[in-house]
Amino acid sequence: MADAAEPEITFERRGAAGIVTLTRPKALNALTLPMVEAMHRQLRAWAQDASVTRVAVRGSGGRAFCAGGDIRRIHALGQAGRLTEVMAFWRAEYLLDAYVKTYPKPYVALIEGIVMGGGVGISLHGDVRVAAETYSFAMPETGIGFFPDVGATYALPRLPGRTGTYLALTGSRIGAGDALQVGLATHSVRAADFGDLLDSLAEGGDIAATLARFAAPAPETGPLTLERETIDACFSAATVTGILERLDAEGSDFAKNTAATIRTRSPTSLAIALTQMQRGPSLSFPEAMRAEYRLCGQVMRGPDFYEGVRAVIVDKDNRPAWNPSTLEAVDFAAIEAAFADEGSGIPRFDGSEGPAA
């Protein structure tokens, strides 16, 4: 836990800019419920402040922009049967993501180091995503029995080809070069220049021109770009089993390693993730978020999230016992129901809801 004397998140008004800094570097700036609610309130306040013409968000410590939500705490609460508190976190986080998506002023994320899960939610849906040379993106949820959330149902299927499906199922990390190629990042700036960039943004000038002055050469691309042909061919199969069959038949080292990775993931999570990628292109952002919220309720009541977090984060034996253990035994009807049933008491996730400023 953070020292009680040290804030988990800070807000600064600097010239024309409102600056959000995540300040849990030892926890890779993972989001807690108080952080999420405080950020949402502050963004709403700045939206009403005519003297603030842009917002910038960054992480502290250099290792991570934000590595996601506070999974250990969510795991502990769920195991204790405190599901109301668990869902309160997801609801608040998703409401914040929806507000970022609809934010009325330019929203600039300065991303140095790891950006995963919840960190993706508070960066990807904004206008500008600036990647430092250490940028490392992943949605690794299938490896802990969860699923790519925070708007991934909307965003990942809209990436070029089947790159989003590859990222959703494998949870593989990519660097700044690949992120720029597919649009996850919009600009490249050296981490050493982030401070000066913030000062320049605070001066209130044209944002595009300011970013252009600090532009760094795009880093080299990696497998997401180099193996694009294989990714598109294999991940266009209609089922996870079909994807694995195509990877096995392709036979390259990349294909073999990718198939091996997928086979370590939760079968239920894989089925959810592929359904997200197939359903996502026809959904609006609010519709996608509502589906994720319903899926979250299902997963929080099942076994795989708790087993995955135990194996990967708590005990670190990396030997999860998934239940069910095969794709054939997954309850596909329940997954489909999450996309079909609007239910009652589900937030709109249209950017209008959230804590008062």
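Shown above is the structure to which this text applies.
Residues numbered from 1 in each chain as written. Predicted model: local features only at pLDDT ≥ 70, side-chain atom pairs only at ≥ 80, totals over all residues. Heavy atoms only, no water.

K.L.:
I'm lost on the overall build of the protein in this one. Help?
P.N.:
Of the regular secondary structure elements, the protein holds 17 helices and 10 strands. Taken against the 2.2 N^0.38 rule, which gives 21 Å for 357 residues, the C-alpha radius of gyration of the protein at 20 Å falls within 12% of a compact globule. Overall, the C-alpha framework of the protein stretches about 55 × 45 × 40 Å when taken along its three principal axes. For the protein, the proportion of its 357 residues judged to be buried stands at 55%. Counting contacts in the protein only where the partners sit at least 6 residues apart, residues at least 24 apart contribute 75% of the total. As presented, the protein carries roughly 14,500 Å² of accessible surface, and 50% of it is formed by carbon and sulfur atoms. Here the protein holds 34 positive side-chain charges and 42 negative ones, and the gap between their average locations is 3 Å. (Helix = DSSP H or I, 4+ residues; strand = E, 2+ residues; numbered from the N terminus. Rg over C-alpha atoms; globule rule 2.2 N^0.38 Å. Buried < 20%, exposed > 50% of the residue type's maximum accessible area, 1.4 Å probe, protein only. Contact = heavy atoms within 4.5 Å. Areas by Shrake-Rupley, 256 points an atom, 1.4 Å probe, with all protein chains shown as cover. Lys, Arg positive; Asp, Glu negative; His and termini not counted. Charge placed at Lys NZ, Arg CZ, Asp CG, Glu CD.)

K.L.:
Looking at this structure, I do not really get the layout of surface pockets. What am I missing?
P.N.:
Size it by volume and the largest pocket reaches roughly 1,200 Å³. Lining the largest pocket are 45 residues; nearest its centre among them are Leu28, Ala67, Gly69, Ile71 and Ile313. Listed by contribution, the elements that provide at least two residues to the lining of the largest pocket are α2 (71-79), α3 (83-101), β6 (114-116) and α16 (304-314). Of the residues belonging to the lining of the largest pocket, the class tally is 20 nonpolar, 12 polar and 13 charged. (1 Å grid on protein atoms, 1.4 Å probe; cavity = no way out; pocket = protein on both sides within 12 Å on 5 of 7 lines; lining within 4 Å. Points joined across faces, edges and corners; volume = space filled by probe spheres on them. Nonpolar A, V, L, I, M, F, W, Y, C, P; charged D, E, K, R; others polar.)

K.L.:
Got a minute to help me understand the side chain of Glu141 in this structure?
P.N.:
Mapped onto the elements, Glu141 comes out in the loop between β8 (136-138) and α5 (152-155). Although Glu141 lies buried, it forms no salt bridge, and the closest oppositely charged side chain, Arg265, sits 9.4 Å away as judged by the N-O distance. (Salt bridge = Lys/Arg side-chain N within 4 Å of Asp/Glu carboxyl O.)

K.L.:
What's the story with the packing of aromatic side chains in this structure? I'm lost.
P.N.:
Two aromatic rings are characterised by how far apart their centres lie and by the angle between their planes. Under the criterion given, the structure shown has 15 aromatic pairs. On the basis of an interplanar angle of 75° and a centroid distance of 5.3 Å, the ring pair of Phe89 and Trp90 is categorised as edge-to-face. Trp90 matches Phe89 in its accessibility class, with the two residues each being buried. Among the aromatic residues, those joined into a cluster by ring pairs are Phe89, Trp90, Tyr94, Phe146, Phe147, Tyr293, Phe305, Tyr306 and Phe349. Above the ring of Tyr99, the side-chain terminus of Arg44 is found at 4.1 Å from the ring centroid. Seen from the ring of Tyr154, Arg158 lies directly overhead, with NZ or CZ sitting 3.8 Å from the centre. (Phe/Tyr/Trp six-rings, centres within 6.5 Å; stacked < 30°, edge-to-face > 60°. Lys NZ or Arg CZ within 6 Å of the ring centre and 35° of its normal.)

K.L.:
It is not clear to me how the sheet that holds β8 should be interpreted in this structure. Could you clarify?
P.N.:
Two modes of strand pairing occur in sheets, parallel and antiparallel, and in both the strands are linked by backbone hydrogen bonds. Sheet architecture is open: four strands sit in the order β4-β6-β8-β9, paired in mixed fashion. Edge positions in the open sheet fall to β4 (64-66) and β9 (174-175), since each of these has one partner strand only. Here β6 pairs with β8 via three bridges, running parallel. Paired with Ile114 across the bridge in β8 is Ser136. (Pairing = 2+ DSSP bridges.)

K.L.:
Help me understand the sheet that holds strand β2 (residues 17-22) in this model?
P.N.:
With respect to topology, six strands assemble into an open sheet ordered β1-β2-β3-β5-β7-β10, the strand pairing being mixed. Each of the sheet's edge strands pairs with one partner strand only, and the pair in question is β1 (9-14) and β10 (187-188). As judged from the six bridges shared by β2 and strand β3 (residues 54-59), these two strands associate in the parallel manner. Looking across to β3, one finds that Thr21 is bridged to Arg58. In the packing of helix α1 (residues 33-47) onto the sheet, contacts are made with β1, β2, β3 and β5 (107-111), and the angle to β1 comes to roughly 15°. (Axes fitted to C-alpha atoms, helices over the stretch in contact; angles between N-to-C directions.)

K.L.:
Sorry if this is basic, but what is going on with the pairing of β5 here?
P.N.:
The two faces of the sheet receive side chains in turn, since in a regular strand these alternate between them. Along β5, five of the five residues are buried, which leaves the element largely enclosed by surrounding structure. By the alternation rule, side chains of β5 split into Tyr107, Ala109 and Ile111 and Val108 and Leu110, which are all buried. In this structure, β3 lies alongside β5, joined through four bridges in parallel fashion. Residue pairing across strands places Ala56 opposite Val108, the latter belonging to β5. For β5 and strand β7 (residues 128-131), the ladder comprises four bridges, and the chain directions are parallel. In the sheet register, Ala109 faces β7, and the bridge partner there is Arg129.

K.L.:
How should the environment of Arg63 be read in this particular structure?
P.N.:
Here Arg63 is to be found in the loop between β3 and β4. Separated by 34 residues in sequence, Arg63 and Asn29 place their C-alpha atoms 9.1 Å apart. Not counting the four nearest positions on each side in its chain, Arg63 is found in contact with Leu28, Glu112, Gly113 and Ile114.

K.L.:
For this particular structure, what's the right way to read the packing of helix α6 (residues 163-170) against helix α14 (residues 267-279)?
P.N.:
Angle between the axes and distance between the axes: these two values describe a pair of packed helices. Two elements in contact, α6 and α14, have axes separated by 9 Å at closest approach and are oriented at 160°. Here α6 is positioned roughly antiparallel relative to α14, judged by the angle of their axes. As for how α6 packs across α14, the hand of that crossing is right-handed. Across the interface between the two elements, Gly164, Thr165, Ala168 and Leu169 from α6 touch Leu270, Ala273, Leu274 and Met277 from α14. Considered class by class, the residues forming the contact of α6 with α14 number six nonpolar, two polar and no charged. (Parallel < 35°, antiparallel > 145°, perpendicular 65-115°, else oblique. Left-handed = near helix turned anticlockwise from the far one by under 90°.)

Any functional reading would require information that these geometric values do not contain.
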